[in-house]
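Spelled out from the first residue to the last, the chains are:
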Amino acid sequence: MKNTAQAVVIGGGVVGASVLYHLAREGMTDIMLLERDVLTCGSSWHAAGGFHTINGDPNVAKLQKYTIELYKEIEELSGQSCGVHRTGGIMLASDEQRMEWLRMSLARGKYLGLDLREMGLDEALEVNPFFDKSKFVGAIYDPLDGHLDPYGVTHAYAKSARILGAAIHEQTKVEDTVPNGDGTWTVVTNKGDIHAENVVNCGGLWAREVGRMAGLELPILAMEHHYLLTESLTGVAEFNERTGREIGHAVDFSAELYTRQERDGVLIGTYEQDCKPWHPHTTPWNFGSELLEPDYDRIMPSLEKIFEHFPAYRDVGIRQAINGPFVFAPDGNPMIGPMRGMPGYWCAVGVMAGFSQGGGVGLSLANWMVHGDPGADIWAMDVARYGDWATMRYTNKKVRENYSRRFQIKFPNEELRAGRPHKTTPIHDRLVAEGARMGDGWGLEVPLWFAPEGVEDEHSFRRSADFEYVGAECRALRDGVGVIEASGFAKYIVRGEGAEAWLDGMLACRLPEPGRMALAPMLKEDGKVIGDFSVANLTTARTGPKYKILGAGNAEVYHMRWFLRHLPEDGSVEVVPVGLGMCGLAVAGPKSRELLSRLTDEDVSNEGMRFMDIRDMELDGIPCIVGRVSFTGDLGYEIWMRPEYQRRIYDLLHEHGAGLGIRNVGMRAFLSLRLEKKFGTWGREYRPIYSPVECGLDRFCSTRKEADYIGRAAFEKAKAEGGTLRLSTFTVDADDADAIGDEPVFHDGDAAAVGWITSGGFAHAAGRSVAMGYIPREMAGDTGEGAFEIEILGQRRKATVADIPLFDADGSRMRS
Ligand SMILES: Cc1cc2nc3c(=O)[nH]c(=O)nc-3n(C[C@H](O)[C@H](O)[C@H](O)COP(=O)(O)OP(=O)(O)OC[C@H]3O[C@@H](n4cnc5c(N)ncnc54)[C@H](O)[C@@H]3O)c2cc1C
């Protein structure tokens, strides 16, 4: 075994093998994989081997499609069969809501290039003949579904990687990973030390323990999972003979079942409600290729439902029961990427569907390590989407919730309850007392809307009980003044002698003068948007260079990772994420200036405090930072204070605003207000796959400033060429369901989708259903009435490009 490597991959399950293969394919060949026992000895060997393309996140769905199509390539290169059975599969809906959910997946597939189609139940019986038609209302069919041989796939990756020059060492246990202080690592094994430029944790069932070697506590947890293999089942052989096909894969959401043919019987797998974590604290190192004791009592309620829906399964004998553990992140998606502040340390862990996702995980990670960028929008799988707040117990609660809900619909207006409340702001109880219906924003309780007692959300894809109340909040703000809890934004303080020069090279905008703010896109080397901030210059003679950056709350780790990666080593710049150490309240609406003036002696007139001014200001004696800016598109102010002052400021605003018609405004109203103003937001309209020219942030990217900021050359080139997409806002002829995001967009009555929606909803003040999304640049100028259509819940709705904001098109409300 060599004692140096460009990359050491820890773990020889399907994920480690795929990462190794992709690194080699991308040209990095001085690499090795270390496996403590033999390949596949973790969770990989006993997987049911099913694969499918559907995923709640469209970008993950795309990578699942890539994974499935990859098997041919690695079979050809390695000569090792992956044992792929492309049977096709049906997803069965037992009620209309599930059918709507399926139609949404189907619609999404239209712009992702997935070949899904709706199927009548009689036709579905030709794919899998065992379900009782009377229990279902419809189905969709995915021709890419199937199953494979987990051992064969893992070995096909491994052999292919070897052919491309990678080394694999079995019986080699990593005992420690030690940072050398220069961005390299010493990997300590039972066979000697290795000096590695990069370390990839693919430890699967032991990924938590491998992470701990580097001081990480990863938010992942293994769960026990059952599937049953039956004896010979009457009807299977006859079906095979009659159709010349295998029985296809089937998912029955209401019975929490997945099933397919296995030999002349079937495989029955279930995600039971009474689920059970496996070794919640520490995975034993002596666990090998063994199975866990089946627990029929625990899965019996699921089996009873299954027997009702698939009656033929009732009387067949069980040949073998598999109960094995595998690992989940709190939301069930993989956790991949470089770790913040740990140069050279990477993760590819929490991959719960290694045979649907392993290829995409390997591809993204290899692209990232070799080319500096994952090459796709992998936010839903990014290890940076959780912070240190996702602790072991929190993870335990969330993973159990996610497992037991695996086959349940997550409605767009549904807030999951497990692990909450976790983080709260000082006014949490005040807001709840005022009727706030809370949601979860990166572990923080955030007010979504305010309701009278007894009025609750009805979970739905359509407009729900909140509609009227959110509308009232919007109108109250547009007519008077609203107060919004703003603490959930990420805030970073940047200071030090080098702060100005460093920020000038990080942000694409011109830096504001002291006392001013600017909108600040941040770009990657390829000129795409990696951050969308506002930056405030808080420099004074007393503080020295000091800036406050405000960005998306859920991207704090993601952005800190980027900042730290680019921070100078000479200590001249410090970036501190202040989190809830700084709380915020926003006031907005035509009467917000009057309200502010009642709390301060300072001149807050339009001349005294201009749009985008920011300064220290006492509000009734309380030290705050007040900036004149508003995401609602109305006259407005952001007020920042230490947490101990937030309650008092909140109370003062309500006391002094009573005569002005002040009203609490929640996040749903906030969304509605920004939509009618055509304001995009991070994670929706602004993502690292769009150029500023495409997403409309180009007007904030300087082509004149001196500093050569990251991504400038690529941005200027894209600007000259015009990009390929355009972010557009549409008004939609909707009835009781608005777009919510991820719907396909059609043009001129064509069958093929030309774009996709990023956000949507009802713009209450404008009184229109609105959606934002991306379409080809050359179509964006087509403002003809109904020139576009957006598919909402299976129906194409006429949509018209709104070339100017529906509210305050000239911006005078915000600026005067
Ligand atoms: C019952 C069951 C059914 C399933 N069905 C499906 C399915 O139908 N479809 C699907 O896609 N997925 C399925 N899965 C999930 C699938 O098995 C996992 O997604 C996949 O195995 C994860 O692979 P991995 O490489 O991340 O982890 P693992 O397979 O656990 O591999 C990790 C490897 O790392 C090694 N390792 C750990 N620590 C060290 C160390 N310190 N030094 C050296 N080596 C180390 C381990 O020995 C192990 O080989 C199922 C899982 C179970 C349990």
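Structure: see above.
Here the residue numbers are simple positions, counted from 1 along each chain's written sequence. Confidence filtering applies because this is a predicted model: local features only for residues at pLDDT of at least 70, side-chain atom pairs given and counted only at 80 or more, and all residues used for totals across whole chains, interfaces and linings. Only hydrogens and water are removed before side-chain values are computed, so all heavy atoms of the structure are retained for them.

Engineer: Would you mind showing me how to read the overall build of the protein here?
Structural biologist: Secondary structure elements are taken from DSSP: a helix is a run of H or I of four residues or more, a strand is a run of E of two residues or more, and numbering for both begins at the N terminus. Tallying secondary structure elements over the protein gives 20 helices and 38 strands in all. For this measure, only C-alpha atoms enter the radius of gyration; the expected value for a globule follows 2.2 Å times N^0.38, where N is the number of residues. Here the protein has a C-alpha radius of gyration of 27 Å; the compact-globule value for 816 residues is 28 Å, and the two agree. Burial classes: relative accessible area under 20% of the type maximum marks a residue as buried, over 50% as exposed, and values in between as partly exposed (1.4 Å probe, protein chains only). Of all 816 residues assigned to the protein, the portion counted as buried reaches 61%. If you take every contact in the protein between residues at least 6 apart in sequence, the share linking residues at least 24 apart comes to 72%. Per-residue and other accessible areas were derived by the Shrake-Rupley procedure at a 1.4 Å probe size, with only the shown protein chains allowed to occlude residues. Carbon together with sulfur atoms contributes 48% to the accessible area of the protein, which is approximately 30200 Å² in total. Taking the 88 positively charged and 117 negatively charged side chains of the protein as two groups, their mean positions are separated by 2 Å. Residue contacts are defined here by distance: any two heavy atoms, one from each residue, within 4.5 Å place the two residues in contact. Charged residues are defined narrowly, with Lys and Arg counted positive, Asp and Glu counted negative, and His plus the chain ends left uncounted. Where a charge lies is defined by one atom per residue type, namely NZ (Lys), CZ (Arg), CG (Asp) and CD (Glu).

Engineer: How do you make sense of the site of the ligand when you look at a structure like this?
Structural biologist: Contacts to the ligand come from 39 residues, most closely from Glu35, Arg36, Ser44, Val351 and Gly354. Polar contacts, as used here, are pairs of N or O atoms within 3.5 Å; protein pairs need one atom able to donate a hydrogen and one able to accept it. Residues neighboring in sequence count only if both atoms are side-chain atoms. Ala48 is positioned with one of its backbone polar atoms (N or O) 2.9 Å from a nitrogen atom of the ligand. Contacts to the ligand include Val351, whose backbone N or O atom sits 2.7 Å from an oxygen atom. Protein burial of the ligand: of its 1000 Å² of free accessible surface, 97% is covered by the chains. Secondary-structure elements contributing two or more residues to the shell around the ligand are α1 (14-25), β12 (221-230), β17 (318-328) and α9 (354-371). Looking at side-chain class alone, the shell around the ligand contains 20 nonpolar, 16 polar and 3 charged residues. Nearness here has a simple test: a residue counts as near a molecule or strand if at least one of its heavy atoms is within 4 Å of that partner. Gly falls in the polar group here, along with every residue not listed as nonpolar (Ala, Val, Leu, Ile, Met, Phe, Trp, Tyr, Cys, Pro) or charged (Asp, Glu, Lys, Arg).

Engineer: What should I look at first to understand the pairing of strand β9 (residues 174-179) in this one?
Structural biologist: Residues in a regular strand point their side chains to alternate faces of the sheet. Pairing between two strands is assigned when DSSP locates at least 2 bridges connecting them. Bridge analysis of β9 against strand β10 (residues 185-189) gives 5 bridges, and the strand direction is antiparallel. If you follow Val178 over to β10, its bridge partner there is Thr186. Taking the residues that link successive antiparallel strands as the turn, the β9-β10 hairpin has 5 residues, and the phi of Gly181 there is positive, at about 90°.

Engineer: Help me out: how do you make sense of empty space enclosed by the protein in this one?
Structural biologist: One simple way to see leftover space: roll a probe sized like a water molecule over the atoms. Using a grid of 1 Å spacing that covers the protein atoms alone, one calls a set of points a cavity when a 1.4 Å probe fits there but cannot get out, and a pocket when the set is open and has protein on both sides within 12 Å along at least five of seven lines; lining residues are those with an atom within 4 Å of a point. Grid points are joined across faces, edges and corners, and a volume is the space filled by probe spheres set on the points. In the structure shown here, the tally under the stated rule is 8 cavities of 30 Å³ or more. Looking at the largest cavity, its volume works out to about 90 Å³. The wall of the largest cavity is formed by 13 residues, among which Ala586, Ser630, Phe631, Glu638 and Phe670 lie closest to the centre. At the level of elements, β28 (583-588) and β31 (636-641) are the ones that each hand at least two residues to the lining of the largest cavity. Counting residues per element, the lining of the largest cavity draws most heavily on β28, at 3 residues. A breakdown of the residues in the lining of the largest cavity according to their chemical character gives 10 nonpolar, 2 polar and 1 charged.

Engineer: Explanation requested: helix α12 (residues 467-479) in the structure shown.
Structural biologist: Spacing of three or four residues puts side chains on the same side of an α-helix, whose turn is 3.6 residues. Given the number of residues in a helix, its expected span is that number minus one, multiplied by 1.5 Å. A rise of 1.5 Å per residue sets the reference length of α12, with its 13 residues, at 18 Å; its end C-alpha atoms lie 18 Å apart and thus fit the reference within 8%. Among the residues of α12, those classed as buried are Tyr469, Val470, Gly471, Glu473, Cys474, Ala476, Leu477 and Arg478. Turning to α12, the residues buried within the fold contact β21 (444-450), β22 (482-485), β28, β32 (663-664), α17 (667-676) and α20 (812-815).

Engineer: What is the right way to read the pairing of strand β30 (residues 622-627) from this model?
Structural biologist: Extensive coverage of β30 is indicated by the burial of 5 of its 6 residues. Bridge count between strand β29 (residues 614-619) and β30: 6 bridges; the pairing is antiparallel. Residue Arg615 lies in a different strand from β30, and its bridge partner there is Val626. The antiparallel hairpin formed by β29 and β30 contains 2 residues in its connecting segment, where Asp620 sits at a positive phi of about 50°. Direction of pairing for β30 relative to β31: antiparallel, over a ladder of 3 bridges. When the sheet's bridge partners are listed, Ile625 is paired in β31 with Trp640.

Engineer: For this particular structure, what's the right way to read the packing of helix α2 (residues 58-78) against helix α5 (residues 150-163)?
Structural biologist: How two helices sit against one another is set out by the angle between their axes and by the gap between those axes. Two elements in contact, α2 and α5, have axes separated by 9 Å at closest approach and are oriented at 55°. Considering their axes alone, α2 and α5 lie oblique with respect to each other. Between α2 and α5 lies a crossing of left-handed hand. On the side of α2, the interface is formed by Thr67, Leu70, Tyr71, Ile74, Leu77 and Ser78, while α5 contributes Val153, Ala156, Tyr157, Lys159, Ser160 and Ile163. Under this scheme, a helix contributes an axis fitted over its contacting stretch, all axes are lines through C-alpha atoms, and angles between N-to-C directions fall in the 0 to 180 degree range. Angles below 35 degrees are treated as roughly parallel, those above 145 as roughly antiparallel, those between 65 and 115 as roughly perpendicular, and all remaining angles as oblique. Two helices that cross are described as forming a left-handed crossing if the nearer one is turned anticlockwise from the farther one by less than a right angle, and a right-handed crossing if clockwise.

Engineer: Any chance you could explain the environment of Phe310 here in plain terms?
Structural biologist: On the secondary structure map, Phe310 appears in the loop between α8 (296-309) and β17. A relative accessible area of 0% means that Phe310 is categorised as buried. Not counting chain neighbours up to four residues away, the residues in contact with Phe310 comprise Leu92, Asn128, Phe130, Phe131, Phe136, Ala250, Asp252, Leu257 and Thr259.

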